[in-house]
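# Architecture and fold: a report
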2 protein chains.
Amino acid sequence: MLTIGQLAAYAGVTVRAVRHYHQIGLLPEPDRDASGYRRYGTAAVLSLIKIRTLAAAGVPLSHIRRMLEADPAAFAEAVRKIDDDLRDEIERLETSRRQIAQLAAGDSLALPPEVAHYLDRLRALGVSDVMVQGERDGWILIAARWPDRVHEWIPAKLAELEDPQVSGLYRLLSEIFDSDTGDDDPRLVEVADIMAGFADRALAAGQTDFDEAAQDDLPFDLMDALAVEADPRVRRLQALMRKRGWARWTRFDRVPEKPG
Amino acid sequence: MLTIGQLAAYAGVTVRAVRHYHQIGLLPEPDRDASGYRRYGTAAVLSLIKIRTLAAAGVPLSHIRRMLEADPAAFAEAVRKIDDDLRDEIERLETSRRQIAQLAAGDSLALPPEVAHYLDRLRALGVSDVMVQGERDGWILIAARWPDRVHEWIPAKLAELEDPQVSGLYRLLSEIFDSDTGDDDPRLVEVADIMAGFADRALAAGQTDFDEAAQDDLPFDLMDALAVEADPRVRRLQALMRKRGWARWTRFDRVPEKPG
DNA sequence: GCTTGACCCTGACGCAGCGTCAGGGCTCCA
DNA sequence: TGGAGCCCTGACGCTGCGTCAGGGTCAAGC
């Protein structure tokens, strides 16, 4: 006859676990000896080993109870379900691991790798760190809203960067935001003119690279707010754009709003 | 400005989760509007998306807090550790899954597949179901004690079964246990003579197939008890073996005890 | 102006599977 | 005879929220 400590050691579990199994009725309470100690026989050892085996495989204790008293067919069925759950869980963890791996580089926290590449390209074109960080935050908002569509949009954005006018615009914005001027900086008007030009041309070409998904205004509202928080002169830019017939600021070079 | 519901929906978490993050200080409490509702800005959206990304990867919330305020080097280090943990966890689950797969067949619950094969061989030799089940339970005890060594011992046991005397002994035992005789069944003496013969020969040949590991008596004590519980006539067999100089019953054909 | 439904608030308990005291008794060995 | 190392019960703690309970608020339609 074994004590609870010997039983637990034999089965490779803790004493506390055995008592827990008693408490929830998974393992029957054995008889006590003269001093009130629990004493276990072989049946308990075998049961406990089976319980440990299933529990180690991640089977919930409530299922284990049912499995141990089930007939072979029901048992096999339960095993199949557990195996399916395990497969799903492994898959989930592997997905997490891939995301975590990308996350190692600072930029890609919560961002797919294509976006990180796009940000690198911006940096290479001479866009300032502050602006790249703003772009990154914007893409985090986009990726959270349309995680599956980012990989469609990024190539178009990368292609746009090949246009010297576009990259020039980004650099010009960088310079403005890096400088300490006020709302009266004349370069703001210059920027608005360029941007309105892009937007007009895109509209004429029927170009809608953020397409129907962009019906949802919220992400763009947030991005506008983000931009204003990053630099208050953006508010002036928004006003200038409105005067030129464009409602939002962040969406201007993505999907044109109907002028008005 | 977003309400808590809008914020949660945007980040893909529940409202309750957001409130929980406030409670543990992971996400700062925002300002309230006139009616006491929480109102969130873009910073909260970005934070929450990052938190969700890390949490979905299984990072404990307590770590997330530290990570979000860590410098890039410490962050990268933390990410590496998380990745290691994920790898270990995946490994563990895959091991579980392999065990679970074996467990689909009734016999192999808590048993390695070689043992299941050994049990099948016993059945094929005409050993009764009851005896095979007894053997199975014995091997569960063995496998729990020396999980790494079972695969060394099983081939020797399989080889022994090739000896017609051994398989004959198993069948004889099967017949006895299947019949309804008492302690005076003369076949018990026959069995004891055969077993003692095996034990003597094994001792002479210096054969110790359970070797030093078997210093630990407990598993064999349990197996003896198991056998007695399965059939009380085993007690008679034990007595007969003792008269022939062998202390235990279940270990007789595994490692010979020093006669005494 | 009033209702209705969908939000929001705080506070509190529940869940799984034990770990970990606290405060006591038993046993065995030197 | 004393101390180490077992055993006992009872109770709280941990994670990451889900889920009431018992309220107030807001926007829309009547």
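Residues numbered from 1 in each chain as written. Chains lettered and ligands numbered in written order. Predicted model: local features only at pLDDT ≥ 70, side-chain atom pairs only at ≥ 80, totals over all residues. Heavy atoms only, no water.

Chain A is annotated in an unreviewed UniProt entry as DNA-binding transcriptional MerR regulator of Pseudosporangium ferrugineum.

The subject of this paragraph is the relation of the copies chain B and chain A. Taken as rigid bodies, chain B and chain A are interconverted by a rotation of 180 degrees and an axial shift of 0.0 Å, the fit giving an RMSD of 0.1 Å. The transformation just described matches what one would write down for a two-fold rotation axis. Taking C-alpha positions as the reference, the residue of chain B nearest the rotation axis is B:Ile90, at 2.9 Å. The overlap is high: 100% of the interface residues of chain B also sit at the interface in chain A, so the same surface is used on both sides. (Least-squares fit on C-alpha atoms with pLDDT ≥ 70 in both. Contact = heavy atoms within 4.5 Å.)

With respect to spatial proximity, 18 residues lie near DNA strand D, and among them A:Gly5, A:Arg19, B:Thr14, B:Arg16 and B:Tyr37 are the closest. Per the 4 Å cut-off to the protein, sugar and phosphate atoms form 69% of the nearby atoms of DNA strand D. Contacts to DNA strand D include B:Arg16, whose side-chain N or O atom sits 2.9 Å from a base oxygen. Contact between DNA strand D and B:Leu61: a phosphate oxygen at 3.4 Å from a main-chain N or O atom of the residue. Only helix H1 (4–11) and helix H2 (15–23) of chain A together with helix H2 (15–23) of chain B provide two or more residues apiece to the surface near DNA strand D. Considering each element in turn, the surface near DNA strand D owes the most residues, four residues, to H2(B). Tallied by class, residues from the surface near DNA strand D come to seven nonpolar, six polar and five charged. (Near = heavy atom within 4 Å. Polar contact = N/O pair within 3.5 Å; in protein donor to acceptor, adjacent residues only side chain to side chain. Helix = DSSP H or I, 4+ residues; strand = E, 2+ residues; numbered from the N terminus. Nonpolar A, V, L, I, M, F, W, Y, C, P; charged D, E, K, R; others polar.)

Moving on, we come to helix H7 (residues 129–145) of chain B. Given a rise of 1.5 Å per residue, 17 residues ought to cover 24 Å, and the 24 Å separating the end C-alpha atoms of H7(B) matches this to within 8%. Counting buried residues in H7(B) gives twelve out of 17 residues, a clear majority hidden from the surface. When we look at burial in H7(B), the residues that qualify are B:Met131, B:Val132, B:Glu135, B:Arg136, B:Asp137, B:Gly138, B:Trp139, B:Ile140, B:Leu141, B:Ile142, B:Ala143 and B:Ala144. Buried residues along H7(B) sit in contact with H1 and helix H3 (42–56) of chain A together with helix H6 (113–124), helix H8 (150–161), helix H9 (164–178) and helix H11 (218–230) of chain B. (Expected span 1.5 Å × (residues − 1). Buried < 20%, exposed > 50% of the residue type's maximum accessible area, 1.4 Å probe, protein only.)

To continue, consider the interface of chain B and chain A. Facing the 43 residues of chain B at the interface are 43 residues of chain A. Summed over both sides, the interface between chain B and chain A buries roughly 4,400 Å², with carbon and sulfur atoms accounting for 74% of that surface. It is B:Tyr10, B:Thr42 and B:Arg97 that lose the most area in chain B upon contact with chain A, and together they represent 17% of the buried surface on that side. Summed over the shared surface of chain B and chain A, the result is two salt bridges. Salt-bridge contacts for A:Asp83 lead to B:Arg97; the nearest nitrogen and oxygen are separated by 2.9 Å. Our count for the contact surface shared by chain B and chain A stands at ten residue pairs in polar contact (both at pLDDT 80 or more). Here the residues of the side of chain B that touches chain A are counted per class, giving 29 nonpolar, four polar and ten charged. (Buried area = accessible area lost by both parts, 1.4 Å probe. Salt bridge = Lys/Arg side-chain N within 4 Å of Asp/Glu carboxyl O.)

H11(B) packs onto H3(A) with a crossing angle of 110 degrees between their chain directions and a minimal axis gap of 9 Å. Taken together, H3(A) and H11(B) sit at an angle that is classed as roughly perpendicular. Across from A:Thr42, A:Val45 and A:Leu46 in H3(A), the residues of H11(B) making contact are B:Leu222, B:Ala225, B:Leu226 and B:Glu229. When grouped by side-chain class, the residues that make up the contact of H3(A) with H11(B) number five nonpolar, one polar and one charged. (Axes fitted to C-alpha atoms, helices over the stretch in contact; angles between N-to-C directions. Parallel < 35°, antiparallel > 145°, perpendicular 65-115°, else oblique.)

Attention shifts here to the protein's contact with DNA strand C. Around DNA strand C sit 18 residues, and of these A:Tyr37, B:Thr3, B:Gly5, B:Arg19 and B:Arg38 come closest. In the interface set of DNA strand C, defined as its atoms within 4 Å of the protein, sugar plus phosphate atoms amount to 67%. A distance of 2.9 Å is found between a phosphate oxygen of DNA strand C and a side-chain nitrogen or oxygen belonging to A:Thr14. The separation between a phosphate oxygen of DNA strand C and a polar main-chain atom of B:Gly5 is 2.7 Å. Put simply, the parts of the chain that give the surface near DNA strand C at least two residues each are H2 of chain A together with helix H1 (4–11) and H2 of chain B. A total of four residues in the surface near DNA strand C trace back to one element, the largest contributor, which is H2(A). Residues of the surface near DNA strand C, tallied by class, amount to seven nonpolar, six polar and five charged.

All names here are of chain B. Within this structure, the stated rule accounts for 34 salt bridges over all chains. One salt bridge in this structure joins Glu 162 and Arg 121, with 3.3 Å as the shortest N-O distance. Taken together, the residues span a long stretch of sequence, with Glu 162 in the loop between H8 and H9 and Arg 121 in helix H6 at a distance of 41 residues. With a relative accessible area of 28%, Arg 121 lands in the partly exposed category. In this structure, Arg 149 engages Glu 152 in a salt bridge whose closest nitrogen and oxygen atoms are separated by 3.0 Å.

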